[in-house]
Amino acid sequence: MISVEDWAEIRRLHRSEGLPIKEIARRMGIARNTVRAALRADGPPKRERKPRGSLADAVEPQVRQLLAEFPRMPATVIAERVGWEYSMTALKDRIRAIRPEYVGVDPVDRVSYEPGRLTQCDLWFPEATIPVAPGQERVLPVLVMTLAYSRFMTAEMIPSRQGGDILSGMWSLISQVGKVTKTLLWDRESAIGGAGKVTMPAVGFAGTLGTQIKLAPPRDPEYKGMVERHNGYLETSFLPGRRFASPEDFNTQLAQWLQRANTRTVRSIGGRPIDLLEIDRRAMLALPPVDPPIGLRHRIRLARDYYVRVDAVDYSVDPRVIGRFVEVIASPQMVQVICDGQLVATHRRSWAKHAVVTDPAHVTTAAQLRRHYTAEQHRRSSARRHTDGHRVALRALPDYDVLFGIDDFTSSHTKARSE
């Protein structure tokens, strides 16, 4: 067989130079029939090697017999059954080629997304620990949201995976985009729809925005594979080599990295997310004039120690409302306590665990109330008088022992009774 270079030269000499076959054969030192064959060929010559035999050929009938009965039998088990004594590579390649004949093929259709239709949401838990207090570090969740049409990605670290904190993170990321898609897709995250039904706080959040929250089928990560791939992208492209001083530092670095990540060209859409975002936004829903219900909320009667608990952290409250019901409202940044419409405490949210956050003004007020209470109790006790007007005396307990003649608790009568 002649080379591709000789084939090209034969055709050039014949077509461009007009040389006859005999002259071409003489110049190139090849047979005239070879020249004729090169001129008749539609394309350059190809080297085709005949397939060589494989060691797996001898055991293929046994392999097929096993796969016919057990289509998903592992290759290692098949090797043991057929007595395979060679490298597993050849056998695995043969099994991989013939197994689909017995288990069938499950193709996945390509899904296309309309602008403004869908956002995929998920929690990513980076391995990096974040300092949240002196001597304390935590692994904190990161909320990741991806617009399905433009592949535009947003993400933000949140203090916990509780429903109120997740909804606060969603509202923060949606506000950055400026609009919301018609559907927000979640997996069976416990605070969103762990029981297979969207929770009431999540329903209220979606209703305020005029959108809906849809739950993916259980144990089907491919259903929201787009955001799952972005989780892996964050793990491999954002996280390596970085150090974080606080959750705020993490979010600052993440925001800067996302600006670059959204300008990369995505092969599946043939463009950059930042360029397609405006098309996505034109089909999305406008945000409502009021904020949706977000954050952690609960109502409790304030105890004597004048502290309320939010996510394993205690926050002080004005002790003047002890014994009354207060409403605790916590966002990822702030904790506020309200009593009868009045703000009675405000603190910066701590992302630590088992911490105590105290306002010095509350301690001072508590000390004043305690002194006033002690003085009042003393005044009331000193004001107690008999009907004849003289003051009621408060005797010590030993006085009653002397009065009743009890001066020895180890008397013989007591001993006898105990025996």
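Structure's up top.
Residues numbered from 1 in each chain as written. Predicted model: local features only at pLDDT ≥ 70, side-chain atom pairs only at ≥ 80, totals over all residues. Heavy atoms only, no water.

Draft legend 1. How the structure looks around the overall build of the chain. Looking only at helices and strands, the chain features 16 helices and 16 strands. Here the C-alpha radius of gyration of the chain, 40 Å, is well above what a compact globule of 419 residues would show, namely 22 Å. The principal-axis extents of the C-alpha atoms in the chain amount to approximately 150 × 70 × 40 Å. Long-range pairs, those at least 24 residues apart, make up 60% of the contacts in the chain between residues at least 6 apart in sequence. For the chain, the accessible area works out to roughly 26200 Å², and carbon and sulfur atoms hold 51% of it. Mean positive and mean negative side-chain charge positions of the chain (62 and 48 charges, respectively) differ by 5 Å. (Helix = DSSP H or I, 4+ residues; strand = E, 2+ residues; numbered from the N terminus. Rg over C-alpha atoms; globule rule 2.2 N^0.38 Å. Contact = heavy atoms within 4.5 Å. Areas by Shrake-Rupley, 256 points an atom, 1.4 Å probe, with all protein chains shown as cover. Lys, Arg positive; Asp, Glu negative; His and termini not counted. Charge placed at Lys NZ, Arg CZ, Asp CG, Glu CD.)

Draft legend 2. Region of interest: unusual backbone geometry. For Arg151, which is not glycine, the phi dihedral falls at a positive 65°. Mapping Arg151 onto the fold places it in the loop between strand E4 (142–147) and strand E5 (153–157). For Arg151, a relative accessible area of 13% translates into the label buried. Residues other than glycine seldom take positive phi values, yet Asp311 does so here, at roughly 50°. Looking at the element boundaries, Asp311 is found in the loop between strand E11 (307–310) and strand E12 (313–316). (Buried < 20%, exposed > 50% of the residue type's maximum accessible area, 1.4 Å probe, protein only.)

Draft legend 3. Inspection of the sheet that holds E12 at higher detail. One open sheet holds the three strands; their spatial order is E11-E12-E16, and the pairing between them is mixed. Edge positions in the sheet fall to E11 and strand E16 (355–357), since each has one partner strand and no second. Strand after strand, the sheet turns through a mean of 25° between neighbouring axes, direction not considered. Where E12 lies against E16, three bridges are found, and the strand directions are parallel. Across the sheet, Val313 pairs through a bridge with Ala355, a residue of E16. (Pairing = 2+ DSSP bridges. Axes fitted to C-alpha atoms, helices over the stretch in contact; angles between N-to-C directions.)

Draft legend 4. Fine view of the sheet that holds E4. Ordered in space as E5-E4-E1-E7-E8, the five strands form an open sheet in which the pairing is mixed. Sheet topology places E5 and strand E8 (212–215) at the edges, where each strand pairs with a single neighbour. Neighbouring strand axes in the sheet, compared pairwise and without regard to direction, differ in orientation by 25° on average. Here six bridges tie strand E1 (residues 118–124) to E4, and the two strands are oriented antiparallel to one another. Bridge pairing in E4 places Gln120 opposite Thr146. The strands touched by helix H8 (residues 163–177) are E1, E4, E5 and strand E7 (183–186); relative to E4, the strand with the most contacts, the crossing angle is about 40°.

Draft legend 5. Local environment of the packing of helix H11 (residues 225–238) against helix H12 (residues 247–261). Relative to each other, H11 and H12 sit at 105°, their axes nearing to 12 Å. As the angle between them shows, H11 and H12 are arranged roughly perpendicular. Residues Tyr233, Leu234, Ser237 and Phe238 of H11 form the contact with H12, whose own contacting residues are Phe250, Gln253, Leu254, Trp257 and Ala261. Its residues assigned to classes, the contact of H11 with H12 shows seven nonpolar, two polar and no charged. (Parallel < 35°, antiparallel > 145°, perpendicular 65-115°, else oblique. Nonpolar A, V, L, I, M, F, W, Y, C, P; charged D, E, K, R; others polar.)

Draft legend 6. Spatial organisation of the packing of helix H1 (residues 4–15) against helix H2 (residues 21–28). Between H1 and H2, the shortest axis-to-axis distance is 10 Å and the interhelical angle comes to 140°. Relative to H2, the element H1 is oriented oblique. Seen from above, H1 lies across H2 with right-handed handedness. Residues Asp6, Glu9, Ile10, Leu13 and His14 of H1 form the contact with H2, whose participating residues are Ile24, Arg27 and Met28. Per-class residue counts for the contact of H1 with H2 are four nonpolar, one polar and three charged. (Left-handed = near helix turned anticlockwise from the far one by under 90°.)

Draft legend 7. Structural detail: the pairing of E12. With burial as the criterion, each face of E12 is covered, one bearing Val313 and Tyr315 and the other bearing Asp314 and Ser316. Judged from the four bridges that link them, E11 and E12 form a sheet pairing that is antiparallel. When the bridges of E12 are listed, Arg309 appears paired with Asp314. What sits between E11 and E12 in their antiparallel hairpin is a turn of two residues, with Asp311 showing a positive phi close to 50°.

Draft legend 8. Local environment of the packing of aromatic side chains. Counted by the stated rule, this structure contains seven aromatic pairs. Aromatic side chains Tyr233 and Trp257 sit 5.1 Å apart centroid to centroid with 50° between the ring planes, which places their arrangement in the tilted category. Linking Tyr233 in helix H11 with Trp257 in helix H12, this pair joins segments that are 24 residues apart in sequence. Take Trp257: its relative accessible area is 6%, and that puts it in the buried class. An aromatic cluster of at least three residues, connected via ring pairs, comprises Tyr233, Phe238, Phe244, Phe250 and Trp257. (Phe/Tyr/Trp six-rings, centres within 6.5 Å; stacked < 30°, edge-to-face > 60°.)

Draft legend 9. Representation of H11 within the structure. Taking 1.5 Å as the rise per residue, H11 with 14 residues should run 20 Å; its terminal C-alpha atoms sit 19 Å apart, in good agreement. Listing the buried residues of H11 in full gives Gly225, Met226, Val227, His230, Asn231, Leu234 and Phe238. Those residues of H11 that are buried lie in contact with E1, E4, E5 and H12. (Expected span 1.5 Å × (residues − 1).)

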